[in-house]
Amino acid sequence: MQICRTIPEIRQTVADLRNAGTLGLVTTMGALHAGHMALIDAAKGDHAAVVATIFVNPTQFGDPKDLENYPRTEESDLEMLKAAGVAAVFIPEVSDIYPEGDETIVETTRLANVLHGLVRPGHFRGVATVVTKLFNIIAADAAYFGKKDYQQLAVIRRMVRDLHMPIAIHGVETVREHDGLALSSRNVRLIGDERYDARVLNLSLTVAEAMIKEGKTVEEVAESIRGVIGSKRSAKLQGLDIVDVKTFEPVTGVPKDTICIMISVQFMMVLLIDQREISP
Ligand code: PAF
């Protein structure tokens, strides 16, 4: 596996790889887990070679403490990428991605500023900007993102469509722990009973899915989710959005088309998110 730390190095490596066939891209902020490996497996299934990136993107963090505390585990990340058969990994410096005097941003003006974007102002602008830069540096045929970050995936799909970027975007199903907790690099920051209590994210969505299938309204479902999350003292429901998957507009009453329920739950040190796509 080629480890590239500069833009010219990764550009040359990508050019060589593309001579041999198509290329899949998996962008990450490191602290890799089985969820990232599922993205790599999906990319490997579709392409001759896979390139990964490790870059903790400062512009998508609102709270400087969150950025500082973000887990950095480069050595084990590299072992995992190598074992997964990744052809090359790009690990840039912040100053390479954001050169001095940098003043260009990319933003999906509506999608970035609704739902989870209201809780984390500027977050999706940071994501869209860094993903654009990485797509411009690494000319891959397709990129793979987890469905757990559902709004992020929607933002990236919209950006690629609107800006005519020549890359296909694939959403990959969320990988979960045995008790249903979605894998996340943030899970290691749950303390005491919080790890046990964090099961309520998936549990509340499972109850919600059953209710939708029974023909209940989204208002009844929202009430149930508030109750299930509220039953755990360490968990505070911060965001609850029920949207139409095509328009990303809020749904009311009994849904007629596929919806997505997105929740974010605050624990002492960490905000966890989860989602479920449900067809009535
Ligand atoms: O999902 C992530 O890990 C990050 O938001 C991404 C897409 C790598 C951009 O920094």
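Above this text sits the structure in question.
A short tour of the structure in this document, coming up. Model, not experiment: these values are computed from the prediction.

Glancing now at the environment of Met159. Note that Met159 resides in helix α8 (residues 150-162). Exposure remark for Met159: the relative accessible area of 1% places this residue in the buried category. Distance in space between the C-alpha atoms of Met159 and Thr108 is 6.3 Å, their sequence separation being 51 residues.

Angle between the axes and distance between the axes: these two values describe a pair of packed helices. At a minimum axis distance of 9 Å, the contact between helix α10 (residues 200-213) and helix α11 (residues 218-230) shows a crossing angle of 155 degrees. Here α10 is positioned roughly antiparallel relative to α11, judged by the angle of their axes. In this structure, α10 meets α11 at a crossing whose hand is right-handed. Contacts from Val200, Leu201, Leu203, Ser204, Val207, Ala208, Met211 and Ile212 of α10 reach α11 at Val218, Glu220, Val221, Ser224, Ile225, Val228 and Ile229.

Next up on the list: helix α4 (residues 74-83). Asp77, Leu78 and Leu81 are the residues of α4 that are buried. Relative to the axis of α4, the buried residues are bounded by an arc of 100 degrees and lie together on one face. Every exposed residue of α4 that faces more than 90 degrees away from the buried side is listed here: Glu75, Glu79 and Ala83. Immediately beyond the C-terminal end of α4, within one or two residues, lies Gly85, with a positive phi of roughly 85 degrees.

Our focus in this paragraph is the site of the ligand. The environment of the ligand is formed by Thr27, Thr28, Met29, Asn57, Gln60, Val127, Val130, Phe145 and Gln152. Between an oxygen atom of the ligand and a side-chain N or O atom of Gln60, the distance comes to 2.6 Å. In isolation the ligand exposes 290 Å². Once the protein is present, 88% of that is buried. Elements represented by at least two residues in the shell around the ligand include exactly β2 (23-28) and α7 (123-137). Per-class residue counts for the shell around the ligand are four nonpolar, five polar and no charged.

Here is what the cut-offs are and how they apply
- Going along each chain's sequence as written, the residues are numbered from 1 onward.
- Whole-chain, interface and lining totals are the exception, using all residues; otherwise, since this is a predicted model, local features are given only for residues with pLDDT of at least 70 and side-chain atom pairs are given and counted only at 80 or more.
- The side-chain quantities take in all heavy atoms of the structure and omit both hydrogens and water.
- By the criteria applied, helices consist of DSSP H or I runs no shorter than four residues and strands consist of E runs no shorter than two, each listed in order from the N terminus.
- The cut-offs for exposure are 20% and 50% of the maximum accessible area for each residue type, with area from a 1.4 Å probe on protein chains only; residues under the lower value are buried, those over the upper are exposed, and the others partly exposed.
- Note on geometry: axes are lines fitted to C-alpha atoms, helical ones only across the stretch in contact, with angles between N-to-C directions running from 0 to 180 degrees.
- Should an angle lie under 35 degrees it is considered roughly parallel, over 145 roughly antiparallel, and from 65 to 115 roughly perpendicular; all remaining angles are considered oblique.
- Two helices that cross are described as forming a left-handed crossing if the nearer one is turned anticlockwise from the farther one by less than a right angle, and a right-handed crossing if clockwise.
- Contacts are residue-level and defined by heavy atoms, with any inter-residue pair within 4.5 Å sufficient.
- The directions considered for the arc run from the helix axis to the C-beta atoms.
- One heavy atom within 4 Å of a molecule or strand is enough for the residue carrying it to be called near that molecule or strand.
- We define a polar contact as two N or O atoms separated by no more than 3.5 Å, with the added condition that, inside protein, one atom must be a possible hydrogen donor and the other a possible acceptor, whereas residues neighbouring each other in sequence contribute only through side-chain atom pairs.
- Only the protein chains shown count as covering a residue, and every accessible area follows the Shrake-Rupley method with a 1.4 Å probe.
- When residues are sorted by character, Ala, Val, Leu, Ile, Met, Phe, Trp, Tyr, Cys and Pro go into the nonpolar class, Asp, Glu, Lys and Arg into the charged class, and all the rest, Gly among them, into the polar class.

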